[in-house]
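Close look at the chain arrangement
Letter by letter, the chains look like this.
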Amino acid sequence: MLQVVFRILGPLDISADGRPIALQGARQRTVMSMLLLSPGRVVSVDTLADAVWHGNPPATARNQIAICVSGLRKTLKTAIGIDDLIVTSHPGYLLHPGEHRIDAVEFEERAAEGREAARRGRIEEAQDHFENALAMWRGPALDGITTERVEAEAARLTELRLDVYEQLTALRLEAGRHRELIGELTGFVRENPLREQALAQLMLAHYRSGRRAEALETYRDGARLLADELGIDPGPALQELHEDVLNDSPGLSLPVAPAAAPALAVPAHLPPVPAAFTGRHQELAALDRLLDHQGGASLPVGSIIGTGGVGKTALAVHWSHQVAARFPDGQLFADLRGYDEEEEPRRPGAVLDRFLRALGVPGPQIPADRVERTALFRSVLYDRRVLIVLDNARSYEQIRPLLPGSSGCCVLVTSRDSLSSRLAGDYALVPLHLASLGQDEAIALLSRVAGGDRFAADPAGAARLSELCDRLPLALRIAAARLAAKPHWTVRTLVSRLEGQHRRLDELSPDARGVRAGFRLSYRDLPADTARMFRLLGSLNVTEFSAWAGAALLDIDPVDAEDLIEQLVDAQLLEPLSASTGHVRYRFQDLLRLFARECALAEDGEGDLRTALRRAYGVWLGLARTAHRRLYGGDYTVVPGSAAPHPLPDHLTETLLEDPMEWFEAERNAISGLVQQAAREDASEYAWDLVMTTVTIYQNRNYLEDWREGAEAALAAARRTGDRLGEAAMLHSLGTLEIVQYEHDSAHERLGLALRLFEEQGQDQGRALVLRNLALCERQRGDLDGAVETGRRSLEIFRKVGDRYAEAHVLGLLAQIELERGDAQASLVLSSEAVARSRGLGTVRGEAQSTVRLAEALIRRGDGVRAEEACRRALELVLGSNDRRGETHVLRALGEALWCQGRHEEAEPVLGRAIDAAEAVQDAFLQARATAVLGCVRALLADRAGAAAALGRAAELFAEVGAGAWRERVDRLLVAIADGGPADSQRLFELVQP
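In this report, we go over the structure that sits alongside the text. (Residues numbered from 1 in each chain as written. Predicted model: local features only at pLDDT ≥ 70, side-chain atom pairs only at ≥ 80, totals over all residues. Heavy atoms only, no water.)

Remarks on the overall build of the chain
Put simply, the test is: Each helix is a run of DSSP H or I of at least 4 residues and each strand a run of E of at least 2, with the numbering of both proceeding from the N terminus. When a residue's accessible area, from a 1.4 Å probe over protein chains only, is under 20% of the maximum for its type it is buried; when over 50% it is exposed; and in between it is partly exposed. Should any heavy atoms of two residues lie within 4.5 Å, those residues are counted as being in contact. Values of accessible area rely on a 1.4 Å probe in the Shrake-Rupley scheme; residue burial ignores everything except the protein chains shown. Working convention for charge: Lys and Arg count positive, Asp and Glu count negative, and His plus the chain ends are omitted. Charged groups are reduced to one reference atom each: NZ for lysine, CZ for arginine, CG for aspartic acid, CD for glutamic acid.
Each helix and strand counted, the chain has 48 helices and 15 strands in total. Taken over the C-alpha atoms alone, the chain extends approximately 110 × 85 × 70 Å along its principal axes. Burial statistics for the chain: of 994 residues in total, 55% are counted as buried. The contacts of the chain with a sequence gap of at least 6 include a subset with a gap of at least 24, amounting to 69%. For the chain, the computed accessible surface area is about 42200 Å², with 48% contributed by carbon and sulfur atoms. Taking the average location of the 115 positive side-chain charges in the chain and that of its 143 negative ones, the two points are 3 Å from each other.

Re unusual backbone geometry
Leaving glycine out, the prevailing phi sign among residues is negative, and the prevailing peptide bond configuration is trans. The phi angle at Asp 383 is positive, at roughly 65°, despite the residue not being glycine. Relative to the helices and strands, Asp 383 is located in the loop between α15 (370-380) and β10 (387-393).

Re a nonpolar patch on the surface
In plain terms, the rule: Residues with no salt bridge and a relative accessible area higher than 30% make up the patches, which join like charges within 9 Å and nonpolar side chains (Val, Leu, Ile, Met, Phe, Trp, Tyr) within 5 Å. The rule for a salt bridge is simple: a side-chain nitrogen of Lys or Arg has to be within 4 Å of a carboxyl oxygen of Asp or Glu.
Together, Leu 194, Leu 230 and Ile 232 make up a nonpolar patch on the protein surface, roughly 250 Å² of accessible area in all. Its location among the elements puts Ile 232 in the loop between α9 (212-230) and α10 (236-246). Judged by relative accessible area, Ile 232 falls into the partly exposed class, the value being 38%.

Structural notes on the pattern of salt bridges
Using the criterion set out here, one finds 80 salt bridges in the structure. One salt bridge in this structure joins Arg 873 and Glu 876, with 3.8 Å as the shortest N-O distance. In this pair, Arg 873 and Glu 876 are both assigned in helix α42 (residues 864-880), three residues apart and thus about one turn of the helix distant. Residue class for Glu 876 comes out exposed when judged on its relative accessible area of 56%.

Remarks on the packing of helix α34 (residues 704-721) against helix α35 (residues 724-740)
Helix packing for two helices is described by the angle between their axes and how far apart those axes are. Rules: Where helices are involved, their axes are fitted lines through C-alpha atoms of the stretch in contact, as for all axes, and angles between N-to-C directions lie from 0 to 180°. An angle below 35 degrees is treated as roughly parallel, one above 145 as roughly antiparallel, one from 65 to 115 as roughly perpendicular, and anything else as oblique. The hand of a helix crossing depends on one turn: near helix anticlockwise from the far one by less than a right angle means left-handed, and clockwise means right-handed. Charged means Asp, Glu, Lys or Arg here, nonpolar means Ala, Val, Leu, Ile, Met, Phe, Trp, Tyr, Cys or Pro, and polar covers whatever is left, Gly included.
Running from N to C, α34 and α35 point in directions that differ by 155°, and their axes come no closer than 9 Å. In terms of axis orientation, α34 runs roughly antiparallel to α35. The handedness of the crossing between α34 and α35 comes out as left-handed. Here Leu 704, Trp 707, Arg 708, Ala 711, Glu 712, Ala 714, Leu 715, Ala 718 and Arg 719 of α34 come into contact with α35, specifically with Gly 726, Glu 727, Met 730, Leu 731, Ser 733, Leu 734, Thr 736, Leu 737, Glu 738 and Val 740. When its residues are assigned to classes, the contact of α34 with α35 shows 11 nonpolar, three polar and five charged.

Some remarks on the side chain of Arg 370
Mapped onto the elements, Arg 370 comes out in helix α15. Contact partners of Arg 370, with chain neighbours within four places excluded, come to Glu 124, Gln 127, Asp 128, Arg 177, Pro 348, Gly 349, Leu 352, Arg 400 and Pro 401.

A few points about the environment of Leu 795
Looking at the secondary structure, you find Leu 795 in helix α38 (residues 784-801). For the pair Leu 795 and Leu 814, spaced 19 residues apart in sequence, the C-alpha separation works out to 9.6 Å. Residues within four places of Leu 795 in sequence aside, it is in contact with Glu 807, Val 810, Leu 811 and Leu 814.

A closer look at helix α3 (residues 61-80)
Three or four residues apart is the spacing at which side chains of an α-helix point the same way, because the helix has 3.6 residues per turn. Here is the rule we go by: Working rule for helices: expected span equals 1.5 Å times residues minus one. Think of it as the arc spanned by the lines of direction from the helix axis to the C-beta atoms.
Relative to the 28 Å expected for 20 residues at 1.5 Å per residue, α3 spans 28 Å between its end C-alpha atoms, a close match to the ideal helical length. Buried within α3 we find Ala 61, Ile 65, Cys 68, Val 69, Gly 71, Leu 72, Thr 75, Leu 76 and Ile 80. Projected onto a plane normal to the axis of α3, the buried residues spread over an arc of 160° and lie on a single side. Facing away from the buried side of α3 by more than 90 degrees, the exposed set consists of Asn 63, Ile 67, Lys 74 and Thr 78. Residues of α3 that are buried in the fold lie against β1 (4-7), β2 (13-16), α1 (25-37), α2 (45-52), β5 (86-89) and β6 (92-95).

Considerations on a negative patch on the surface
Among the surface-exposed residues, Asp 557, Asp 560, Glu 562, Asp 563, Glu 566 and Asp 570 lie close enough to one another that they form a single negatively charged patch. As for its position among the elements, Asp 560 is in helix α27 (residues 558-570).

Description of the nonpolar core
Considering soluble globular proteins, one finds that nonpolar side chains tend to be buried as a cluster. Put simply, the rule is: Only buried residues count toward a nonpolar core. Its members are Ala, Val, Leu, Ile, Met, Phe, Trp, Tyr and Cys residues joined through side-chain atoms within 4.5 Å.
Ranked by internal contacts, the top residues of the largest apolar core, which has 171 residues, are Trp 319, Leu 465, Phe 534, Trp 548, Trp 620 and Trp 663. A per-element tally of this core places helix α29 (residues 606-632) first, with 13 residues. Filtering out sequence-adjacent residues up to four positions away, Leu 465 remains in contact with Leu 446, Phe 455, Ala 479, Leu 483, Val 491, Leu 494, Val 495 and Leu 498. Ala 104, Phe 107, Ala 133 and Val 245 belong to the second-largest nonpolar core, a separate cluster that totals 78 residues.

Some details on the packing of aromatic side chains
Quick note on the threshold: The rule is short: rings of Phe, Tyr and Trp, with Trp giving its six-membered ring, pair when the centres are within 6.5 Å, and they are stacked under 30 degrees, edge-to-face over 60, tilted in between. We count a charge as sitting over a ring when the NZ of a lysine or the CZ of an arginine lies within 6 Å of the ring centre and within 35 degrees of the ring normal.
Under the definition given, this model contains 20 aromatic pairs. Here Tyr 698 and Trp 707 contribute two aromatic rings whose centre-to-centre distance is 6.4 Å and whose plane-to-plane angle is 20°, an arrangement assigned as stacked. Summarising the burial analysis for this pair, Tyr 698 and Trp 707 share the class buried. Ring geometry for Tyr 742 and Phe 925: centres 4.4 Å apart, planes at 40°, overall tilted. Of this pair, Tyr 742 sits in the loop between α35 and α36 (744-760) while Phe 925 sits in helix α45 (residues 924-940), and the two are 183 residues apart along the sequence. By relative accessible area, which is 9% here, Phe 925 ends up buried. Among the aromatic residues, those joined into a cluster by ring pairs are Phe 519, Tyr 523, Phe 534, Phe 545, Tyr 586, Phe 588 and Phe 595. Residue placement shows Arg 969 over the ring face of Trp 966; its charged tip is 4.9 Å from the ring centre.

With respect to helix α32 (residues 684-693)
Across the 10 residues that make up α32, a large majority, nine, are buried. Here the buried face of α32 lies against α29, α31 (660-680), α33 (695-700), α34 and α35.

Let's talk about the environment of Gly 251
Relative to the assigned elements, Gly 251 resides in the loop between α10 and α11 (281-287). Given a relative accessible area of 64%, Gly 251 falls into the exposed group.

Describing the side chain of Glu 507
Using the following cut-off: In protein, a polar contact requires one atom able to donate a hydrogen and another able to accept it; more generally it is a pair of N or O atoms within 3.5 Å, and residues adjacent in sequence count only if both atoms are side-chain atoms.
Mapped onto the elements, Glu 507 comes out in helix α23 (residues 501-507). The buried category is assigned to Glu 507, whose relative accessible area is 4%. Within the structure, the side chain of Glu 507 is placed 2.5 Å from the side chain of Arg 503, a separation counted as a polar contact. Leave out the neighbours within four places in its chain, and Glu 507 touches Ile 478, Arg 482, Arg 497 and Leu 498.

A short note on the sheet that holds strand β7 (residues 101-102)
Selection criterion: Between any two strands, at least two bridges found by DSSP are needed for them to pair.
Read from one edge to the other, the open sheet built from four strands follows the order β3-β2-β1-β7, with strand pairing classed as mixed. Each edge of the open sheet is held by one strand with a lone partner, namely β3 (19-20) and β7. One ladder, built from two bridges, connects β1 with β7; its direction is parallel. When the bridges of β7 are listed, Phe 6 appears paired with Ile 102.

Shown next, in the form of structure tokens:
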């Protein structure tokens, strides 16, 4: 039979075997709530109508209630196959008692059991019942159902909840947990300031923690509030406690029950040292700091946290064996089973029983009460030196009773969740976050299990195998064991089996204790929203991300997304990276990402997953468009697409895009991965728009492979989906890339195809962009007249569509062509206009490009002084925006401006910097241009050997990129400096200029 659970201690929630059952509308939820608040009792139709219509039911109320109940029955029968759960019984209906569970009923039962256990003196059992009862609450009872009758009954449940909390708190105070209760009670009193019992408990907790003044201040604040709100004085019990605190009454202190110290045995519980344990030298040294605190003021506690399979237990056991001699009174070890798939976590009382017996306490002398067991445990260990290893702990509550009271002992805890916030302050804490092994350590572990010869013979295969295992010790041991069991396999055989992402987890999960099972133990207990965040983030083809990406995936506020992601960090399912940009970035280990994708495919519908991913594409696209807009002064030089951006809050966008180029740099790999993913899923509108919008970073930082791979993938997707606009845009983009790579013939062919497609669709902006690039091709092919004509056609369209940035760029191009045609005056006019247009846009990149064109025109006219001024202005712009390609152009032009003034010694180092910048962006043509000018300057400095070397290098580079005309220029330059006479500056200048 299906297990049906009704939950009202929070928002109304109904489920069958864990699957949610949705009710239709507020009316059904109200009626269901009323029945659940009175299980097994008749709720009259009049009462239901009064609740549904807020005390003002219509004349047809009885019929409408009947229809509503009929709908509820149908919903429940469809979901669970039971049609008599809601029974008609005059004068209304009742919820039939049966096998189903109601959390409010169970809450009251657990509370009653807790009170009975406390009455009988079974304190530990009482605490467990109270804690279980309170754990059922998920928020305000029946939150969201706003009818007076429901709210009144919900208030009764809330009052019971507060009573149970105070009863539990009283037991915890009796157990000596006053110090840890202060923060919790402070928050409780702040939310419930008129509850005198809680106020008294907070006073007592303060006093027993040595905070007498704060106890008195708590009383004064409470008395003042009671007077202001209710006009009354504190009750007799609270006043009596106040007097006791003033007088330091001995009755306020906890009674110390002396415990007989039995003869101590010397336990040696440590498991064997793992044979394959490797490395971890820094981590072992960190744990050694625990020994420095031994015998000090506070108990030394080490905390090792990390994801499943990272080797927490192995490290704890290895270190414990190393230092066992420091603990002559024994070593205790307990697997607390905090993350066991089949068994419940170990109860502290049971662990204490085993520890006490191991320490020599006879069974009949071990108290039944857990609090008394803890007291006896601490008494037995007083003045003893015992190492206690608590492996696989689930929570602080699980280990707290197992912590000794004396600092001669030492405790080492392993867990997947961080316990530091609960341990810090009260103990000498040494926290350790355990990451994957280093590369050398990983290969050493593989060698230790499978034999070193196989890995020594194939170091590249060994390195790749360790990467595919994420250098995770569990995965490495499994991989090495498979090789050891298959002597006929090579390292590459296993590598090839692991390369396929769809089977990697299968290969590393040969049994119930494999990698997948370890991950599942961390995943299974995640809250629903956190688990969905994990699945969707794993579905993204990005290596690292910030919280705003998760916000887009779930369509929630970025702060809420960050909270969910931090829960994944706490569960060791994500790794936080540095926050150098002000926003923390996160990454998956590859194996965890594969596991998350498996979970997404199994648990999320195809449509929901597609929608979430498109929101993610949209958030990157929206930011990329805004970054592009800020760099270019508007939505210029791009073809508008139909892909929908996903918005972020304005303040967040402002922060992220404070430096647009740096944002592009930080997100370059993510954008490249998303382009490939969007293309694979035929979301071509996102794929090509991301490529086109991101071209600035591709070109300025010379990420040409990213550019080509993305554009080709987006082009293929556009063709598959019939996206003609996307096809045209990517043909244009690839044509632009080929111009950058000096492949002008193939660029001309692609651009011709793009032009026809843009013309078919009447897309003027696209036509103009293609014509501009065709002009560049015609210029490089030597057809300067054709280049001018094509360039002016593009200029006319840009002016028509209002693309002012592209207009300025074409003006600069025409200025360059006029310069090559020998008309320096026309070039000067055009470049001056380009500078003015760029400044009007406020775009740094455009102004820098136009200013270099202006400087080149001034150089050609022999005006070196003004050319130098223009270059230095352009240099400020490119350095401020970290435009390395632009820096190369500017420095080469500055070197020419200094040469033009006869300042050859100053020009030489400037040209050296230009060459360095060109090498940094790996642009051989720009490097060759600067090197050729450097050769001329060295010739003018009478360094003929240096000049010949530079010109020879320039010739090699021009030949490498297929710039035959430039190679011929350099040959003529070599002839010009070879005659042995003084170098002719004017002749060299004419030869080195385009």
